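One-letter residues, chain by chain:
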2 protein chains.
Amino acid sequence: MRVEFRLSGSGGQGLLLAGIALAEAAILEGMNATQTQSYGPEARGGSSKSEVVVSDGEIDYPKAVDPDYLVALSADAYRLFAPAMGEGLVIVDSSVPRLEEVRARTVALPMIETASSVLGRSVAANMVALGALVGLSRVVPRGSVERAVAARAPEGSADLNLRALAEGFRLAEIEASRKSFRETDWDE
Amino acid sequence: MRVEFRLSGSGGQGLLLAGIALAEAAILEGMNATQTQSYGPEARGGSSKSEVVVSDGEIDYPKAVDPDYLVALSADAYRLFAPAMGEGLVIVDSSVPRLEEVRARTVALPMIETASSVLGRSVAANMVALGALVGLSRVVPRGSVERAVAARAPEGSADLNLRALAEGFRLAEIEASRKSFRETDWDE
């Protein structure tokens, strides 16, 4: 079992912290994990990319080769990474204009708006995204990612981060119930 | 130009933050960088490894293949990583028992003791190590790594981190002056 995650958005959205928390949650579950942050021309251009690989075996190559999950929190990141997605799932912010050329299964969630309107802090969108990602992928239990976030959150921000994470799980639950509703429609 | 860094020690020594700050300092200088944290059996066994690759070109493989610099803040990490060092420089904490089988050039610095006795916080050894590493490698200017540390330090800890970083630069300066003294001895 090897699961690859790519978290993308604009610099300053805190995707590095989200990636670290995801990797550390996997470790709490006894899995192996790598977390990679690549800085380069695209980073300077404003896009940021944080990758996590989780495995129950050894991890030879630490980067995402064919991501199982892509989170895109900005239009630039979506345009850059979503078209290459194959079998994996794209989790894109609702504010991002969708592209026809993206063939991958896609879930659009109001992550930034939730951070802004419910939590009053758009910078918490990284944790909303993390909650949604874990809620949809179920790669680690909720409790483990909460422990990892609490441990890594900058001093004084653990509470905000955990509330944002909970909002992300809520978005994932809403999406899951919508999906089962649609599937019921099809079956009947 | 591709320079590889491996920062190793025990979990909880904050080497992830040191790696992130080093990578971000390189970005401030217009270089490319990757930062990788690998968690696995050795992480669970207590050792931690954070890697940074800095390049003025594209970075194909984000991990350290043949590190130019190894920092080892624990005996376990030294035993695990130092024997494989080739042309690179080993920067090891003075508290660590040395191994004969390590052939690489080695500088032993009292990083943990400096953090404990000068700063009163042994957890700041990561920043002392970062200062020493940058002071010896000169891969990025001091000002850039200070900016990166100030930006990434957990809330309320920027001052301690910057003081620890300065102590690391001081250790590197002492080492450099010792070295030139020894070289003078040889020449005469």
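Reference entry: report on the structure contained in this document. As the structure is a prediction and not an experimental result, all values here were calculated from the model.

Cut-offs applied
Position labels on residues start from 1 in each chain and follow its written sequence. Chain letters and ligand numbers both follow the written order, the letters beginning at A and the numbers at 1. Note on the predicted model: pLDDT of at least 70 is required for a residue's local features to be given, and 80 or more for side-chain atom pairs to be given and counted; whole-chain, interface and lining totals, by contrast, use all residues. The side-chain numbers reported here are obtained from all heavy atoms of the structure, hydrogens and water having been left aside. To obtain an axis, a line is fitted to C-alpha atoms, over the contacting stretch when the element is a helix, and the angle between two such axes runs from 0 to 180 degrees between their N-to-C directions. Only runs of H or I of at least four residues qualify as helices and only runs of E of at least two qualify as strands under DSSP, and these elements are numbered from the N terminus. Note on terminology: angles under 35 degrees are roughly parallel, angles over 145 are roughly antiparallel, angles of 65 to 115 are roughly perpendicular, and the others are oblique. The crossing is said to be left-handed when, going from far helix to near helix, the turn is anticlockwise and less than a right angle, and right-handed when the turn is clockwise. By definition, residues are in contact when any of their heavy atoms lie within 4.5 Å. All copies are superposed by least squares; the fitting set is the C-alpha atoms of residues with a pLDDT of at least 70 in both. Buried, partly exposed and exposed residues are distinguished by accessible area as a fraction of the type maximum, computed with a 1.4 Å probe on protein chains only: under 20%, between the cut-offs, and over 50%, respectively. One requirement defines pairing of two strands: DSSP has to find at least two bridges between them. The crossover handedness rule: strands pointing away from the viewer, path from first strand over the helix to second strand clockwise, crossover right-handed. Pairing of aromatic rings covers Phe, Tyr and the six-membered ring of Trp, with a centre-to-centre limit of 6.5 Å; geometry is then stacked below 30 degrees between planes, edge-to-face above 60, and tilted otherwise.

So, the packing of helix α1 (residues 15-28) of chain A against helix α6 (residues 142-152) of chain A
Residue and element names in this part refer to chain A.
For step 1, the next point in the chain: Between α1 and α6, the shortest axis-to-axis distance is 8 Å and the interhelical angle comes to 130°. Comparing the axis directions of α1 and α6 gives the class oblique. In this structure, α1 meets α6 at a crossing whose hand is right-handed. Contacts from Leu 17, Ile 20, Ala 21, Glu 24, Ala 25 and Leu 28 of α1 reach α6 at Ser 144, Val 145, Arg 147, Ala 148, Val 149 and Arg 152.

A few points about the relation of the copies chain B and chain A
For step 1, the next point in the chain: You can overlay chain B on chain A at an RMSD of 0.0 Å; the transform is a turn of 180° with a shift of 0.0 Å along its axis. The transformation just described matches what one would write down for a two-fold rotation axis.
For step 2, the next point in the chain: The fraction of interface residues of chain B whose copies in chain A are also interface residues reaches 100%, indicating that both copies meet through the same surface.

Describing the pairing of strand β4 (residues 69-72) of chain B
Working note: regular strand, side chains alternate between the two faces of the sheet.
All names here are of chain B.
For step 1, the next point in the chain: Burial along β4 is two-sided: the residues Tyr 69 and Val 71 and Leu 70 and Ala 72 are all buried.
For step 2, the next point in the chain: Pairing analysis gives four bridges linking β4 to strand β5 (residues 89-93), with the strands arranged parallel. Bridge pairing in β5 links Leu 70 to Val 90.
For step 3, the next point in the chain: On the question of chirality, the crossover connecting β4 to the parallel β5 by way of helix α3 (residues 75-81) is right-handed.

Concerning the environment of Arg 103 of chain A
Residue and element names in this part refer to chain A.
For step 1, the next point in the chain: For Arg 103, the position within the fold is in the loop between β5 (89-93) and β6 (105-109).
For step 2, the next point in the chain: Taking the relative accessible area as the measure of exposure, Arg 103 reaches 75% and is therefore exposed.
For step 3, the next point in the chain: Spatially, the C-alpha atom of Arg 103 lies 7.3 Å from that of Gly 86, the residues being 17 residues apart in sequence.

What about the packing of aromatic side chains?
All names here are of chain A.
For step 1, the next point in the chain: Under the defined criterion, the tally for this structure stands at three aromatic pairs over all chains.
For step 2, the next point in the chain: With centroids separated by 5.4 Å and ring planes inclined at 15°, the aromatic side chains of Phe 5 and Tyr 69 adopt a geometry described as stacked. Separated by 64 residues along the polypeptide, Phe 5 in strand β1 (residues 2-10) and Tyr 69 in strand β4 (residues 69-72) bring together distant segments of the chain.
For step 3, the next point in the chain: Judged by its relative accessible area of 0%, Phe 5 is buried.

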